[in-house]
Amino acid sequence: MVYPIVVYGSPVLRKKARHVEKDHPGLQTLIADMFDTMYKSDGMGLAAPQIGKSLRIIVIDATSMGEDDPAMKDFKKVLVNPEMLEEEGEPWIFNEGCLSLPKIREDVLRKPRIRLRYQDENLQPHEDYFDGVQARIIQHEYDHLEGILFIDRISPLRKKLLQGRLNDITKCKVDVAYKIKVLK
Ligand code: ZN
């Protein structure tokens, strides 16, 4: 099932998402629906709050970047209850976009290397290092579980310049190829 993408202006995007319990009903369906929704909207990552579910689940499929960047060719993941254990290195700039902020792209500074503890789709525990664009995608999605959006990480001036477009998004006044909604 494809959900509409919940956009900027929805309180669920500003909440800290809830831990997923091991007997969470319908978890596999929810994960499959998150992938369907992400593919339908041409995204490479999606966090559960973006479909209105305040749960600590992230899906990622960046394998389409594999042609230009071999490191990405197998980068498809489900991250349940991720914990950011470490972020390290000299911050670097990457131009980020977000399905919940349609048509907005901004340069964002983040550290290049992370250590993450998480569970996979079968709730098996893992602890791994990620770097470069892989780390970047995870950091962006992880922020969603903490109620943070990438526009919180740009300068106040840049954010001010976006204010008109942000207001339009809160009224769904944006021309975008996937279904969106504001969840009040
Ligand atoms: Zn996002």
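Our subject in this report is the structure included herewith. Model, not experiment: these values are computed from the prediction.

## Regarding the coordination of the zinc ion
Here's step 1: Listed as protein donors to the zinc ion are C98 (SG), H140 (NE2) and H144 (NE2); their distances from the metal cover 2.0 to 2.2 Å.
Here's step 2: We note that the donor set of the zinc ion lies within a single chain, spaced as C-x41-H-x3-H. Of this pair, H140 and H144 both sit in helix α2 (residues 132-145), four residues apart, roughly one helical turn.
Here's step 3: The exposure class assigned to H144 is buried, which follows from its relative accessible area of 1%.

## Points about unusual backbone geometry
Here's step 1: Here the phi dihedral of K103 falls at roughly 75°; this positive angle occurs in a residue that is not glycine.
Here's step 2: Position of K103 relative to the elements: it lies in the loop between β5 (92-97) and β6 (105-110).
Here's step 3: With phi around 65°, L123 is a residue other than glycine that occupies positive phi space.
Here's step 4: Mapped onto the secondary structure, L123 falls in the loop between β7 (113-119) and β8 (125-131).

## Side note on the sheet that holds β7
Here's step 1: The strand order across the open sheet built from five strands is β2-β3-β4-β7-β8, with neighbouring strands paired in antiparallel fashion. In the strand order of this sheet, the two ends are held by β2 (45-47) and β8, each with one partner. Strand-to-strand, the axes of this sheet are offset by a mean angle of 40°, without reference to chain direction.
Here's step 2: Contacts from helix α1 (residues 27-40) reach β2, β3 (57-61) and β4 (76-88) within the one sheet, and its direction differs from that of β3 by about 45°.

## Details of the environment of T170
Here's step 1: Among the structural elements, T170 can be located in helix α3 (residues 156-170).
Here's step 2: Classification of T170 as partly exposed rests on a relative accessible area of 28%.
Here's step 3: Along the sequence, T170 and H140 sit 30 residues apart, while their C-alpha atoms lie 21 Å from each other.
Here's step 4: Dropping the residues within four chain positions of it, T170 is found in contact with Y8, G9 and V182.

## Quick look at the pairing of β7
Here's step 1: The pairing of β4 with β7 spans six bridges and is classified as antiparallel. Looking at β7, one finds that E88 is bridged to R113.
Here's step 2: Bridge count between β7 and β8: seven bridges; the pairing is antiparallel. By the bridge assignment, R117 is partnered in β8 with E127.
Here's step 3: Count of turn residues in the β7/β8 antiparallel hairpin: five residues, of which L123 carries a positive phi of about 65°.

## A look at the layout of surface pockets
Here's step 1: Space inside the largest pocket adds up to approximately 430 Å³.
Here's step 2: Lining the largest pocket are 24 residues, and of these M44, E96, G97, C98 and R105 lie nearest its centre.
Here's step 3: Mapped by element, the contributors of at least two residues to the lining of the largest pocket are β5 and α2.
Here's step 4: It is α2 that contributes the most residues to the lining of the largest pocket, six residues altogether.
Here's step 5: Residues that form the lining of the largest pocket fall into these classes: eleven nonpolar, seven polar and six charged.

Definitions and limits used
- Residues numbered from 1 in each chain as written.
- Predicted model: local features only at pLDDT ≥ 70, side-chain atom pairs only at ≥ 80, totals over all residues.
- Heavy atoms only, no water.
- Donors = N, O, S within 2.8 Å, 3.2 Å for Na, K, Ca; no water.
- Helix = DSSP H or I, 4+ residues; strand = E, 2+ residues; numbered from the N terminus.
- Buried < 20%, exposed > 50% of the residue type's maximum accessible area, 1.4 Å probe, protein only.
- Pairing = 2+ DSSP bridges.
- Axes fitted to C-alpha atoms, helices over the stretch in contact; angles between N-to-C directions.
- Contact = heavy atoms within 4.5 Å.
- 1 Å grid on protein atoms, 1.4 Å probe; cavity = no way out; pocket = protein on both sides within 12 Å on 5 of 7 lines; lining within 4 Å.
- Points joined across faces, edges and corners; volume = space filled by probe spheres on them.
- Nonpolar A, V, L, I, M, F, W, Y, C, P; charged D, E, K, R; others polar.

Shape descriptors only; they carry no functional weight alone.
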